[in-house]
Amino acid sequence: MKTEQAFPNPHRTDMTGMTLRQYAAIKLKVPNSGTDWLDDMIRQSLKDDFAAKAMQSILSEDPDYHTKYKFFDLADFSYQCADAMMKEREQNAT
């Protein structure tokens, strides 16, 4: 079965390009590209996004957070939230 390329490049013979499945996995942030290393990168990107959103939420609820706690604690807690989200996401994957 021939795999259709997302970005075929007729001028490069040393590169086959990205498959549509890989492109969709990246764009949709779904670690199901069929390529282990790419799926790992997508998972890490998702985790970073979840941690950033958790941090933004905490800071928006308590603008004086920095006077009460260390930012390292905030970062650690944000990644704990991200880990919980990733775990829940994996358990509910269909």
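Since this is a predicted model, take the numbers as computed values, not measurements.

J.: If you had to explain the overall build of the protein to someone new, which residues and values would you point to?
T.: When helices and strands are tallied, the protein shows four helices and zero strands. Counting from the amino terminus, helix and strand elements in the protein follow one another as α-α-α-α. Out of the 94 residues belonging to the protein, those deemed buried represent 20%. Contacts in the protein between residues at least 24 apart in sequence constitute 29% of all its contacts with a sequence separation of at least 6. Accessible area for the protein stands at about 7500 Å²; split by element, carbon and sulfur atoms hold 56% of it.

J.: Could you give me a rundown of unusual backbone geometry, with the residues and numbers involved?
T.: If you check the backbone angles, K29 has positive phi at about 55 degrees while not being a glycine. Mapped onto the secondary structure, K29 falls in the loop between α1 (20-28) and α2 (36-61).

J.: Which residues make up the confidence of the model for the protein, and what are the values?
T.: Taken residue by residue, the protein gives an average pLDDT of 84. The fraction at 70 or more is 82%. Looking over the protein, one finds the lowest element-wise mean pLDDT in helix α3 (residues 65-68), namely 78, and the highest in α2, namely 94.

J.: Pulling in residues and values, what's your account of the pattern of salt bridges?
T.: One pass over the structure, following the stated rule, counts five salt bridges. Put simply, R43 and D40 hold a salt bridge, and the shortest N to O gap is 3.1 Å. Taken together, the positions of R43 and D40, both in helix α2 and three residues apart, correspond to about one turn of that helix. Using a relative accessible area of 49% as the deciding quantity, one classes D40 as partly exposed. A salt bridge links K47 to D83, with the shortest nitrogen-to-oxygen separation between them at 2.9 Å. With K47 in helix α2 and D83 in helix α4 (residues 71-91), the pair connects residues that are 36 residues apart, well separated along the chain. A relative accessible area of 23% means that K47 is categorised as partly exposed. Three or more residues joined by partner-sharing salt bridges are found here, namely D40, R43 and E90.

J.: Account for the packing of α2 against α4, with residues named and values stated.
T.: Between α2 and α4, the shortest axis-to-axis distance is 8 Å and the interhelical angle comes to 125 degrees. Between α2 and α4, the angle falls in the class oblique. Here α2 and α4 pass one another in a crossing that is right-handed. Split by residue class, the contact of α2 with α4 holds 16 nonpolar, one polar and six charged.

J.: I'd like a description of the nonpolar core, backed by residues and values.
T.: Judged by nonpolar contacts, A25, L38, I42, L46, F50, A51, A82 and M86 together constitute the single largest core of eight residues. Breaking this core down by element, the ones donating at least two residues are α2 and α4. If you tally residues by element for this core, the top one is α2, at five residues. Sequence-distant contacts of I42, that is, excluding residues within four places in its chain, are made with A25, I26, K29, V30 and P31.

Conventions used here
- Residues numbered from 1 in each chain as written.
- Predicted model: local features only at pLDDT ≥ 70, side-chain atom pairs only at ≥ 80, totals over all residues.
- Heavy atoms only, no water.
- Helix = DSSP H or I, 4+ residues; strand = E, 2+ residues; numbered from the N terminus.
- Buried < 20%, exposed > 50% of the residue type's maximum accessible area, 1.4 Å probe, protein only.
- Contact = heavy atoms within 4.5 Å.
- Areas by Shrake-Rupley, 256 points an atom, 1.4 Å probe, with all protein chains shown as cover.
- pLDDT = per-residue confidence, 0-100.
- Salt bridge = Lys/Arg side-chain N within 4 Å of Asp/Glu carboxyl O.
- Axes fitted to C-alpha atoms, helices over the stretch in contact; angles between N-to-C directions.
- Parallel < 35°, antiparallel > 145°, perpendicular 65-115°, else oblique.
- Left-handed = near helix turned anticlockwise from the far one by under 90°.
- Nonpolar A, V, L, I, M, F, W, Y, C, P; charged D, E, K, R; others polar.
- Core = buried A, V, L, I, M, F, W, Y, C linked by side-chain atoms within 4.5 Å.

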